[in-house]
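Close look at the chain arrangement
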Amino acid sequence: MGMHRVGQYYFVNFPAISLTEWHPYSVSSGPREDTVEMHIRGLGDHTNRIVTLAKEREAKNTNNGAGAIPTTVCIDGPYGLQDFNYRTYPMILLAAGGIGVTPIIGMLKDVYDIDLSIGSIIEEPHAINTIYFLWAMPKLEDYECFRHEVELCVAKAKLPGYPRLVPMIYITRSKEILTYPFVAGRPKLGNIFQCMMQNHHVDDAGLVFACGPQPLVSELWDKSIQSTVQGRQIDFHHEVFDF
């Protein structure tokens, strides 16, 4: 069983790249899984070197008849702890931009008991009525890295005892007409907040958890404050990631 909790991260070192360079990466696996899973996207010098190393090792392992060549990875952690209990909120908006979806996937897998490695499901009490899942990305193919997990959560949400799940997948650079849950263009957060407020009782507290580029995080923060000023309790938490 994993030692991490939802929203935590590890510092990770790849000795084949550098013996001294450590970088933090959020965990995308659920806290009750036997393995710790992280997703790394090539966005800068170091992450691009990781992607290159992975491709080189994959090619060597494919051509190596004697067996796979192991890649040593050192981790330190976990670190960080969300200072909120998302299970106590009737209404939740999980909003991500690009690879910022990583900690949100871990949260969804925890709520919907996805890919647990232990023998039985541990049901935890919750007050969640609906989870709105917003994920914005430049290209439709970016969705493939978590398609399996998202579709499992969507299916699980239809079963009794699990919160309703409303996926909204925005493809920001698409010029095509897309079908639900995909939407071409950027999310109109004002419309999304208005829809949430209309679908829930005024006394239902809400949580907005955002992880992505600063402009997305800032606008979600502003909308949360506006809703709170207008009489609806909306708690806001965030992490900042680039696309």
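Every chain begins its residue count from 1, and numbering advances along the sequence as written. Where totals are concerned, whole chains, interfaces and linings use all residues; where local detail is concerned, this predicted model gives features only for residues with pLDDT of at least 70, and gives and counts side-chain atom pairs only at 80 or more. Side-chain measures here rest on the full set of heavy atoms in the structure, leaving out hydrogens and waters.

**Examining the nonpolar core**
Tyr-86, Leu-94, Leu-108, Tyr-112, Ile-131, Phe-133 and Trp-135 are the most contacted members of the largest nonpolar core, which totals 34 residues. For the purposes of this entry, the term helix denotes a DSSP run of H or I that reaches at least four residues, the term strand denotes a run of E that reaches at least two, and both are numbered from the N terminus. Those elements that provide at least two residues to this core are β4 (91-97), α2 (102-111), β5 (130-137), α3 (147-156), β6 (164-171) and β8 (206-212). The leading source of residues in this core is α2, at five residues. Whether two residues are in contact is decided by their heavy atoms: any pair within 4.5 Å suffices. Setting aside residues no more than four positions away along its own chain, Trp-135 makes contact with Ala-96, Gly-98, Val-101, Asp-142, Tyr-143, Cys-145, Phe-146, Met-168, Ile-169 and Tyr-170. Grouping buried Ala, Val, Leu, Ile, Met, Phe, Trp, Tyr and Cys residues that are joined through side-chain atoms within 4.5 Å yields what is termed a nonpolar core. For the exposure calls, accessible area comes from a 1.4 Å probe over protein chains only, and a residue counts as buried if that area is under 20% of its type's maximum, exposed if over 50%, partly exposed in between.

**Side note on the packing of aromatic side chains**
Classification of ring pairs rests on two measures: the distance between centres of Phe, Tyr or Trp rings, Trp counted by its six-membered ring, which must be within 6.5 Å, and the angle between planes, read as stacked under 30 degrees, edge-to-face over 60 and tilted in between. Applying the stated criterion to the full structure yields six aromatic pairs. Aromatic pair Trp-135 and Tyr-143: ring centres 5.9 Å apart, planes at 50°, arrangement tilted. Like Trp-135, the residue Tyr-143 is buried in the burial classification. Note on Trp-221 and Phe-236: the rings are 5.2 Å apart at their centroids and 20° apart in plane angle, and the pair reads as stacked. Residue Trp-221 is found in helix α5 (residues 214-229), and its partner Phe-236 is found in strand β9 (residues 234-240); the two are separated by 15 residues along the sequence. What makes Trp-221 partly exposed here is its relative accessible area of 40%.

**Some remarks on the pairing of β8**
Buried residues dominate β8, accounting for seven of its seven residues. The alternating pattern of β8 places Gly-206, Val-208, Ala-210 and Gly-212 and Leu-207, Phe-209 and Cys-211 on opposite faces, both of which are buried. We call two strands paired when DSSP finds no fewer than two bridges between them. By the bridge criterion, six bridges tie β4 to β8 in an arrangement that is parallel. Pairing of Met-91 across the sheet is with Gly-206, part of β8.

**A look at the pattern of salt bridges**
Where side chains of opposite charge bring their charged atoms close, a pairing between them can arise. Salt bridges are defined by distance alone: a side-chain nitrogen of Lys or Arg within 4 Å of a carboxyl oxygen of Asp or Glu. In the structure shown here, the tally under the stated rule is four salt bridges. Across the salt bridge formed by Glu-21 and Arg-49, the nearest N and O atoms sit 3.3 Å from each other. In this pair, Glu-21 sits in the loop between β1 (9-13) and β2 (23-26) while Arg-49 sits in helix α1 (residues 45-63), placing the two residues 28 residues apart along the sequence. Judged by its relative accessible area of 26%, Glu-21 falls in the partly exposed class. Measuring nitrogen to oxygen at the nearest pair gives 3.3 Å for the salt bridge that ties Asp-110 to Arg-87. With Asp-110 in helix α2 and Arg-87 in the loop between β3 (74-79) and β4, this residue pair connects regions lying 23 residues apart in the sequence. Taken individually, Asp-110 and Arg-87 each receive the classification buried, so the pair is uniform in this respect.

**Remarks on the side chain of His-200**
Summarising the element assignment, His-200 is placed in the loop between α4 (189-198) and β8. Throughout this description, a polar contact denotes any pair of N or O atoms lying within 3.5 Å of each other; where both atoms belong to protein, one of them has to be capable of donating a hydrogen while the other can accept it, and for residues adjacent in sequence the pair is counted only when both atoms sit in side chains. Looking at His-200, its side chain comes within polar contact range of the side chain of Tyr-132, at 2.8 Å. With sequence-adjacent residues up to four places away left out, His-200 is seen in contact with Pro-90, Met-91, Asn-129, Thr-130, Tyr-132 and Arg-232.

**A look at α4**
Buried within α4 are the following residues: Leu-189, Ile-192, Phe-193, Met-196 and Met-197. For α4, the buried positions fall inside an angular range of 135° around the axis, keeping them on one side. The arc in question is traced by the directions running from the helix axis to the C-beta atoms.

**Re the packing of α4 against α5**
To get an axis, fit a line to the C-alpha atoms, keeping to the stretch in contact for a helix; angles then go from 0 to 180 degrees between the N-to-C directions. One way to put it is that α4 packs onto α5 with a least axis distance of 10 Å and a crossing angle of 40°. One element, α4, and the other, α5, form an angle in the oblique class. α4 and α5 meet at a crossing whose hand is right-handed. Every residue of α5 that contacts α4 at Leu-189, Gly-190, Phe-193 and Met-197 is listed here: Leu-216, Glu-219, Leu-220, Lys-223, Ser-224 and Ser-227. The nonpolar class holds Ala, Val, Leu, Ile, Met, Phe, Trp, Tyr, Cys and Pro. Asp, Glu, Lys and Arg form the charged class, and all remaining residues, Gly among them, are polar. When grouped by side-chain class, the residues that make up the contact of α4 with α5 number five nonpolar, three polar and two charged. Here is the rule for angles: anything less than 35 degrees is roughly parallel, anything more than 145 is roughly antiparallel, 65 through 115 is roughly perpendicular, and the remaining ranges are oblique. For any helix crossing, the convention is left-handed if the near helix is rotated counterclockwise from the far helix by under a right angle, and right-handed if that rotation is clockwise.

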